[in-house]
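Geometric and topological summary
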Amino acid sequence: MSLKTKLTVLAGMAMIGVLGVGLGGCGKLGALEQPGPMFGERAKEDYAAKRAARDAQVENKGAVTPAADQPDPNADDAPRTTRDLKAPEQQTVPISKDPIDGIPNPNGPTPSMSPPGMR
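This write-up is about the structure you can find in this document. (Residues numbered from 1 in each chain as written. Predicted model: local features only at pLDDT ≥ 70, side-chain atom pairs only at ≥ 80, totals over all residues. Heavy atoms only, no water.)

1. Re the overall build of the protein chain
Going by this rule: We count a stretch as a helix when DSSP gives it H or I for four or more residues in a row; a strand needs E for two or more, and each element gets its number in order from the N terminus. The cut-offs for exposure are 20% and 50% of the maximum accessible area for each residue type, with area from a 1.4 Å probe on protein chains only; residues under the lower value are buried, those over the upper are exposed, and the others partly exposed. Residue exposure ignores everything except the shown protein chains as possible cover, and the areas themselves are Shrake-Rupley values with a 1.4 Å probe.
Each helix and strand counted, the protein chain has two helices and zero strands in total. Across the 119 residues in the protein chain, those meeting the buried criterion constitute 0%. When the accessible surface of the protein chain is split by element, carbon and sulfur atoms take 61% of a total near 11,600 Å².

Here's what the structure looks like:
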């Protein structure tokens, strides 16, 4: 390997290392913050008001309200459905033979398998 090839490989590895260090430090964890506006006094005032409201909300989020441990009287604790729904892997009969009640049958009505005069 010639000296020129070694220097090219070394320069490439150094460049990859510098880019890796640079990109490794640019990520921010958590919620990203919107930067303030650069132009317009009204936009700057709106941004300051929104930021103050958000900061106040964050401060009050940890506060415990006296009714926090009380159940909600308006909560609807009824089951969402009365049908017996199972996961597809729990069904032992194919959906084409026994469709779920309440949903449209994609195959249409079940045909009669008896001859026309024998019903």
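2. Description of the environment of Ser96
On the secondary structure map, Ser96 appears in the segment after helix 2 (41–61). Along the backbone, Ser96 and Asn107 are 11 residues apart, and their C-alpha atoms lie at a distance of 7.1 Å.

3. What about a nonpolar patch on the surface?
Selection criterion: Each patch is built from salt-bridge-free residues with over 30% relative accessible area, joining like charges within 9 Å and nonpolar side chains (Val, Leu, Ile, Met, Phe, Trp, Tyr) within 5 Å. The term salt bridge refers to a side-chain nitrogen of Lys or Arg lying within 4 Å of a carboxyl oxygen of Asp or Glu.
A contiguous nonpolar patch, built from Met1, Val9 and Met13 and spanning about 360 Å² of accessible area, is present on the exposed surface. Looking at where Met13 falls in the secondary structure, it is placed in helix 1 (residues 3–24). Judged by relative accessible area, which is 55%, Met13 ranks as exposed.

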